[in-house]
Amino acid sequence: MSSPDYPLGLRLAGRRVVVVGGGAIATRRVPALLDAGADVVLVSPALSPALQGLLPRFTYHERVFTPSDLDGAWLVHCAVDDPTAGAAVSAAAEERRIFCVRADDRHAATAWTPAVTRHGQVTVAVLGGGSPRLSMGVRDRIAGLLSEISADRLAGTVALVGGGPGDPELITVKGRRLLNAADVVVADRLAPGVLLDELRPEVEVLDVAKLPYGAAAAQSFINETLVDRARAGKFVVRLKGGDPFVFGRGGEEAIACSEAGVPVLVVPGVTSAISVPALAGIPVTHRGVTHEFTVLSGHVAPSSPESLVDWPALARARGTIVVLMGLRHLAEIADVLIRGGRNPETPAAAVQEGSTSQQVVVRGTLASIASAAADLRTPVVTVIGEVVTVLG
Ligand SMILES: C[S@@+](CC[C@H](N)C(=O)[O-])C[C@H]1O[C@@H](n2cnc3c(N)ncnc32)[C@H](O)[C@@H]1O
């Protein structure tokens, strides 16, 4: 039976670490070494594009390895899947008493990289006796437990979490983790409903879409609820559709919490402005087609004195226009853009309930999109611009 491994946390800041190889394995290893502050020296005749992107954060020698590369090093990663090269690097390391991690033969290596999970100041490193599958499985279980423990520290905090456009898989990993840890969830109409179904039974869920007030009263009720629940020591997740700061009133809620002395965490989300067109096959930018896109709210009609949009400037510009909350005023919006100079034949599309099983896409031109979208119901994102047809 072999002796057990001896685990150790290395302080690599400013210390030379040599990486031999510039391919897929090195691409996975180098970022963590740089994060640890190591003085990374990479030796390889070729370098992956991802590693090229990290230059000049490490020293690169574009050639094959020679043993003297290890002079002055504290650690070496042999990141090539070639036993002959691995043996040569390993022998040079042994001679210099430098620990050597080997991708080609982990059993012949003098050091192993563990599976790692980090939570604040705590780092857990798992060695699986040479089985990466085992170490990663154990690491994932521990990561889950640590998330629950770190949730205790969130008591009295409000997290403004972007839930994405509707598909429950489009919430961020952090958003999902915080949602699982919440004591109270205050959810919007557009927040992905399926996520609420998965909450623990004791979680208090406030569906603010159903509040029997006008918009302003509802917002002040929401602000008060967030503050009250947090002050009672609860961890409150304010779950919103898309991104909290894109027409989501997240800013108002952040201000209300800060004024009440309640700590706020913001977890950005996948906004419908970009993701809903994307899922309908429309990129909001495309090389050689447009260098800009503008996201605007069509909630207020262009003719209203309350509209803050510079419609004449938008009509003169050439980029993609993405309209949120614009279904009701779509005809007026198209009209003002055409009168201001946009070509009426500009391709346009309207997407209802994007990313969900109810998704409907209608296409047309700037001149025709309002009538094409007449039968749609909210929520709808409208895209105007040449990008609408670039993918066919
Ligand atoms: C109050 S805004 C909130 C936007 C949200 N914060 C975001 O970043 O996506 C609501 C508008 O977002 C758009 N929207 C949100 N989810 C959508 C979806 N799944 N499909 C189409 N439009 C959506 C619609 O224009 C809707 O009227």
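Residues numbered from 1 in each chain as written. Predicted model: local features only at pLDDT ≥ 70, side-chain atom pairs only at ≥ 80, totals over all residues. Heavy atoms only, no water.

### With respect to the overall build of the protein
No. 1: On a plain count of helices and strands, the protein comes out with 12 helices and 17 strands.
No. 2: Here the C-alpha radius of gyration of the protein, 27 Å, is well above what a compact globule of 392 residues would show, namely 21 Å.
No. 3: Taken over the C-alpha atoms alone, the protein extends approximately 80 × 55 × 35 Å along its principal axes.
No. 4: When the 392 residues of the protein are sorted by exposure, 44% land in the buried category.
No. 5: Residue pairs in contact within the protein that sit at least 24 positions apart in sequence constitute 60% of those at least 6 positions apart.
No. 6: Charge separation in the protein, taken as the distance between the mean sites of 36 positive and 39 negative side-chain charges, equals 3 Å. (Helix = DSSP H or I, 4+ residues; strand = E, 2+ residues; numbered from the N terminus. Rg over C-alpha atoms; globule rule 2.2 N^0.38 Å. Buried < 20%, exposed > 50% of the residue type's maximum accessible area, 1.4 Å probe, protein only. Contact = heavy atoms within 4.5 Å. Lys, Arg positive; Asp, Glu negative; His and termini not counted. Charge placed at Lys NZ, Arg CZ, Asp CG, Glu CD.)

### Some thoughts on the domain arrangement of the protein
No. 1: Per the domain assignment, the segments making up the protein are domain 1 (16-113), domain 2 (119-152), domain 3 (154-270) and domain 4 (273-389).
No. 2: Of note, the centres of domain 3 and domain 4, computed from C-alpha atoms alone, are 28 Å apart.
No. 3: Domain 3 puts 9 residues into the contact, and the matching count from domain 4 is 13 residues.
No. 4: Taking both partners together, domain 3 and domain 4 bury about 670 Å²; carbon and sulfur atoms supply 74% of that area.
No. 5: Counting across the interface, domain 3 meets domain 4 through 0 salt bridges.
No. 6: Connecting domain 3 to domain 4 are 1 residue pair in polar contact (both at pLDDT 80 or more).
No. 7: For the side of domain 3 that touches domain 4, the per-class residue count stands at 6 nonpolar, 1 polar and 2 charged. (Domains from an automatic or database assignment. Buried area = accessible area lost by both parts, 1.4 Å probe. Salt bridge = Lys/Arg side-chain N within 4 Å of Asp/Glu carboxyl O. Polar contact = N/O pair within 3.5 Å; in protein donor to acceptor, adjacent residues only side chain to side chain. Nonpolar A, V, L, I, M, F, W, Y, C, P; charged D, E, K, R; others polar.)

### With respect to the side chain of T271
No. 1: Within the secondary structure layout, T271 lies in the loop between β12 (264-267) and α9 (272-279).
No. 2: The class for T271 is buried, based on a relative accessible area of 15%.
No. 3: Look past the residues within four positions of T271 in its chain and what remains in contact with it is G242, D243 and V246.

### What to know about a nonpolar patch on the surface
No. 1: Residues Y6, L8 and L10 make up a contiguous nonpolar surface patch of roughly 400 Å² in combined accessible area.
No. 2: Within the secondary structure, L8 sits in the segment before β1 (16-20).
No. 3: Assessed through its relative accessible area of 61%, L8 is described here as exposed. (Patch = residues over 30% accessible without salt bridge, like charges linked within 9 Å, V, L, I, M, F, W, Y side chains within 5 Å. Areas by Shrake-Rupley, 256 points an atom, 1.4 Å probe, with all protein chains shown as cover.)

### Section: the layout of surface pockets
No. 1: Estimates place the volume of the largest pocket at around 2,000 Å³.
No. 2: If you go around the largest pocket, you meet 49 residues; those closest to its centre are H77, V101, W112, T113 and P114.
No. 3: The set of elements that each furnish at least two residues to the lining of the largest pocket consists of α1 (24-35), β4 (75-78), β5 (99-102), β6 (115-119), β7 (122-126) and α4 (132-152).
No. 4: With 6 residues, α1 is the single largest residue contributor to the lining of the largest pocket.
No. 5: Its residues assigned to classes, the lining of the largest pocket comprises 28 nonpolar, 11 polar and 10 charged.
No. 6: A domain-level breakdown of the lining of the largest pocket finds at least three residues from each of domain 1 (16-113) and domain 2 (119-152).
No. 7: Size it by volume and the second largest pocket reaches roughly 1,400 Å³.
No. 8: Lining the second largest pocket are 48 residues; nearest its centre among them are D188, R189, L190, F247 and M325. (1 Å grid on protein atoms, 1.4 Å probe; cavity = no way out; pocket = protein on both sides within 12 Å on 5 of 7 lines; lining within 4 Å. Points joined across faces, edges and corners; volume = space filled by probe spheres on them.)

### Some points on the pairing of β1
No. 1: Burial analysis of β1 places 4 of its 5 residues in the buried class, which makes it a mostly covered element.
No. 2: With 5 bridges connecting them, β1 and strand β2 (residues 39-43) associate as parallel partners. Within β2, the position partnered with V19 by the bridge is L42.
No. 3: In this fold, the crossover linking β1 to β2 by way of α1 has right-handed handedness.
No. 4: Here 4 bridges tie β1 to β4, and the two strands are oriented parallel to one another. Each residue of the ladder has a partner; that of V20, found in β4, is C78. (Pairing = 2+ DSSP bridges. Right-handed = clockwise from strand over helix to strand, strands pointing away.)

### With respect to the site of the ligand
No. 1: Near the ligand you find 18 residues, and of these P165, V246, T271, S272 and V380 are the closest.
No. 2: Between the ligand and P165, the relevant distance is 2.7 Å, taken from a nitrogen atom to a main-chain nitrogen or oxygen of the residue.
No. 3: V246 is positioned with one of its backbone polar atoms (N or O) 2.7 Å from a nitrogen atom of the ligand.
No. 4: For the ligand, whose accessible area on its own is 570 Å², the fraction buried by protein is 90%.
No. 5: A molecule is said to occupy a pocket when more than half its atoms come within 2 Å of that pocket's grid points, and by this definition the ligand occupies the second largest pocket. (Near = heavy atom within 4 Å. Sits in = over half its atoms within 2 Å of the grid points.)

### Quick word on unusual backbone geometry
No. 1: A cis amide bond, omega 10°, links L55 with the succeeding residue P56.
No. 2: Along the polypeptide, P56 turns up in the loop between α2 (49-54) and β3 (59-61).
No. 3: The peptide bond linking T378 to P379 adopts the cis configuration, its omega dihedral lying at 0°.
No. 4: Mapped onto the elements of the fold, P379 is located in the loop between α12 (369-372) and β17 (380-384).
No. 5: Not every positive phi belongs to a glycine, and M325 is a case in point at roughly 55°.
No. 6: As for its placement among the helices and strands, M325 is situated in the loop between β14 (320-324) and α11 (330-339).

### Some details on the sheet that holds β1
No. 1: With parallel pairing, 5 strands are arranged side by side in an open sheet as β3-β2-β1-β4-β5. Either end of the sheet is taken by a strand with one partner, and the two such strands are β3 and β5. Neighbour-to-neighbour, the strand axes of the sheet open up by a mean angle of 20°, direction not taken into account.
No. 2: Summarising the sheet, β4 and β5 pair through 4 bridges and their orientation is parallel. (Axes fitted to C-alpha atoms, helices over the stretch in contact; angles between N-to-C directions.)

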